[in-house]
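# Architecture at a glance
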Amino acid sequence: MNPKVYWVGFNYVKGIGCVRLRHLLDAFGGDLKAAWEAPYEKLIAVRLHPRLVENILKVRSQIDLHRIWENIERKQIRVLTWEDEEYPEFLRQIEQPPPVLYIKGEYLPEDETAVAVVGTRRVSAYGRQVAEELAAFLARNQVTVVSGLARGTDAVAHQSAIRAGGRTLAVLGCGVDVVYPPEHAKLAEEIIANGALISDYPPG
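Overview of the structure.

## Observations concerning the overall build of the chain
Secondary structure assignment for the chain yields 10 helices and 6 strands. In terms of overall dimensions, the chain has C-alpha extents of about 60 × 30 × 30 Å along its principal axes. Here the chain, with 204 residues, has 46% of them falling under the buried criterion. Considering only contacts within the chain whose residues lie at least 6 apart along the sequence, 67% involve residues at least 24 apart. When the 24 basic and 26 acidic side-chain charges of the chain are each reduced to a single mean position, those positions are 6 Å apart.

## So, helix 1 (residues 4–11)
In an α-helix there are 3.6 residues to a turn, and that puts residues three or four apart on one side. Counting buried residues in helix 1 gives 6 out of 8 residues, a clear majority hidden from the surface. Within the sequence span of helix 1, burial applies to V5, Y6, W7, V8, G9 and F10. In the core, the buried residues of helix 1 are packed alongside helix 2 (18–27), helix 3 (32–37), helix 5 (50–62), helix 6 (65–74), strand 1 (78–81) and strand 2 (100–105).

## Quick word on the nonpolar core
As a rule of thumb, nonpolar side chains are buried together in soluble globular proteins. Core analysis: the biggest nonpolar cluster contains 52 residues, and F10, L24 and L32 have the highest contact counts within it. Here this core gets 5 residues from one element, more than from any other, and that element is helix 1. Not counting the four nearest positions on each side in its chain, F10 is found in contact with I16, L21, L24, L32, A35, W36 and I56. In terms of nonpolar packing, the next biggest core, distinct from the first, is built from 8 residues, V117, A135, A139 and A161 among them.

## A few points about helix 9 (residues 153–163)
Counted residue by residue, helix 9 has 9 buried out of 11 residues, so it is predominantly covered. Taken residue by residue, helix 9 has T153, D154, A155, V156, A157, H158, S160, A161 and I162 as its buried positions. In this fold, the buried residues of helix 9 make contact with helix 8 (125–140), strand 4 (144–147), strand 5 (168–171) and helix 10 (185–193).

## Some details on the pattern of salt bridges
What the rule picks out here adds up to 8 salt bridges. K33 is the salt-bridge partner of E37, the closest N and O atoms lying 3.1 Å from each other. With E37 and K33 both in helix 3, this residue pair falls 4 residues apart, about one helical turn. Owing to a relative accessible area of 45%, E37 belongs among the partly exposed residues under this scheme. In this structure, R92 and E89 form a salt bridge, with 3.5 Å as the shortest nitrogen-oxygen distance. Taken together, the residues span about one helical turn, with R92 and E89 both in helix 7 (residues 89–92) at a distance of 3 residues. Classification of E89 by relative accessible area gives partly exposed; the value is 38%.

## Thoughts on the layout of surface pockets
Taken as a whole, the largest pocket encloses approximately 370 Å³ of empty space. Looking at the largest pocket, it is lined by 18 residues, and the ones nearest its centre are P88, L91, Y107, L169 and V171. Here the element with the most residues in the lining of the largest pocket is strand 3 (residues 114–116); it accounts for 3 residues. In this structure, the second largest pocket encloses a volume near 180 Å³. Forming the boundary of the second largest pocket are 15 residues, of which N11, I16, G17, P99 and D200 lie nearest the centre. Elements with a contribution of two residues or more to the lining of the second largest pocket: helix 1 and helix 2. The leading source of residues in the lining of the second largest pocket is helix 1, at 3 residues.

Quick notes on the rules
- Residues numbered from 1 in each chain as written.
- Predicted model: local features only at pLDDT ≥ 70, side-chain atom pairs only at ≥ 80, totals over all residues.
- Heavy atoms only, no water.
- Helix = DSSP H or I, 4+ residues; strand = E, 2+ residues; numbered from the N terminus.
- Buried < 20%, exposed > 50% of the residue type's maximum accessible area, 1.4 Å probe, protein only.
- Contact = heavy atoms within 4.5 Å.
- Lys, Arg positive; Asp, Glu negative; His and termini not counted.
- Charge placed at Lys NZ, Arg CZ, Asp CG, Glu CD.
- Core = buried A, V, L, I, M, F, W, Y, C linked by side-chain atoms within 4.5 Å.
- Salt bridge = Lys/Arg side-chain N within 4 Å of Asp/Glu carboxyl O.
- 1 Å grid on protein atoms, 1.4 Å probe; cavity = no way out; pocket = protein on both sides within 12 Å on 5 of 7 lines; lining within 4 Å.
- Points joined across faces, edges and corners; volume = space filled by probe spheres on them.

The structure is reproduced here in structure tokens:
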């Protein structure tokens with residue numbers, strides 16, 4: 001089984017974020033499989049709070065990592081971790097970069113040159129015009145347009161970048177296999193064809 005599945009497994013555990021995952025990697029010599037399979041006593045011995053250890057054991061008993069990884073592969077979701085060279089370099093430099101990124105589509109090195117275009121969901125006529133012009137200008141100049149697939153300004157930004165022949169990335173507050181709002185299903189497919197959907201939330 002792909003070793004990244006253990007990163008995904010810990011991604012399902014409430015209370016395991018950037019700091020605690022680094023602690024686990026240090027405590028288990030970089031072996032997250034060993035950390036995932038460790039008994040209660042061993043997890044306590046590496047100074048994890050008992051409540052967090054209980055969370056780990058609960059999730060471990062509830063999920064099937066084989067099935068989760070099969071689902072990821074079936075849905076053609078790419079998984080990037082800190083250990084991957086392709087992990088976005090600017091994101092890696094923030095204080096607490098997400099340990100795992102899920103990508104549906106194609107994230108390219110040129111996407112490092114990017115500008116976020118976001119705004120209100122109830123966009124005015126003037127706001128729409130500005131978002132359209134800005135996103136199209138960026139796209140025509142090989143700057144990737146980043147937004148969040150939300151209603152209003154986000155949708156306008158993605159659509160304008162695509163119409164201008166550029167690339168666009170949608171950073172989601174849900175799994176990349178969950179399209180929200182649902183009426184943006186077609187737009188999501190267009191983004192996948194011209195960039196990617198990206199999230200630090202696991203599928204589902």
